[in-house]
Amino acid sequence: MHDDEPETFRYMTWPERFSQMLSEIGVESEVIRGDDPLEAGDCYSRYYSSTPRMVSSRGCLGLSGSNIDAVQIIQKG
């Protein structure tokens, strides 16, 4: 291992990673933990052939100082 690399690894969830990326560009956000009503429903309509059938929710972020209240992180496929 090189001298300038840290010796410990901190595991980060997807919402924590996105929150860190947003803080680097000056957007304040916080990870929403637990069951959120935003994650309860389907993300895409099942009636159109161009939409994915399986969608996984990776979590939610709450934004402060913006017109957007929450951001849901989803993965298709």
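This structure is a prediction, so every number in the text was calculated from the model and none was measured. (Residues numbered from 1 in each chain as written. Predicted model: local features only at pLDDT ≥ 70, side-chain atom pairs only at ≥ 80, totals over all residues. Heavy atoms only, no water.)

**Q** Mind showing me how you'd approach the packing of aromatic side chains here?
**A** In this description, a pair of aromatic rings is defined by centroid distance and the angle of the planes. Scanning the entire structure with this criterion turns up 1 aromatic pair. Over the ring of Trp14 we find Arg17, and its NZ or CZ is 4.8 Å from the ring centre. (Phe/Tyr/Trp six-rings, centres within 6.5 Å; stacked < 30°, edge-to-face > 60°. Lys NZ or Arg CZ within 6 Å of the ring centre and 35° of its normal.)

**Q** So what exactly am I meant to see when it comes to the pattern of salt bridges here?
**A** Opposite charge on two side chains makes pairing possible when the charged atoms of those side chains draw close. Counted under the stated rule, the structure contains 1 salt bridge. Between Arg33 and Glu16 there is a salt bridge; the shortest N-O distance is 3.2 Å. A residue pair is termed long-range when its members are at least 10 positions apart, and Arg33 in the loop between strand S1 (29-32) and strand S2 (55-63) and Glu16 in helix H1 (residues 14-24) qualify at 17 residues. Since its relative accessible area comes to 16%, Glu16 is described here as buried. (Salt bridge = Lys/Arg side-chain N within 4 Å of Asp/Glu carboxyl O. Helix = DSSP H or I, 4+ residues; strand = E, 2+ residues; numbered from the N terminus. Buried < 20%, exposed > 50% of the residue type's maximum accessible area, 1.4 Å probe, protein only.)

**Q** Help me understand the side chain of Glu16, please; the structure alone is not making it clear to me.
**A** A polar contact is formed between the side chain of Glu16 and the side chain of Arg33, at a distance of 3.2 Å. Residues contacting Glu16, with those up to four places away along its chain left out, are Arg10, Tyr11, Val31 and Arg33. (Polar contact = N/O pair within 3.5 Å; in protein donor to acceptor, adjacent residues only side chain to side chain. Contact = heavy atoms within 4.5 Å.)

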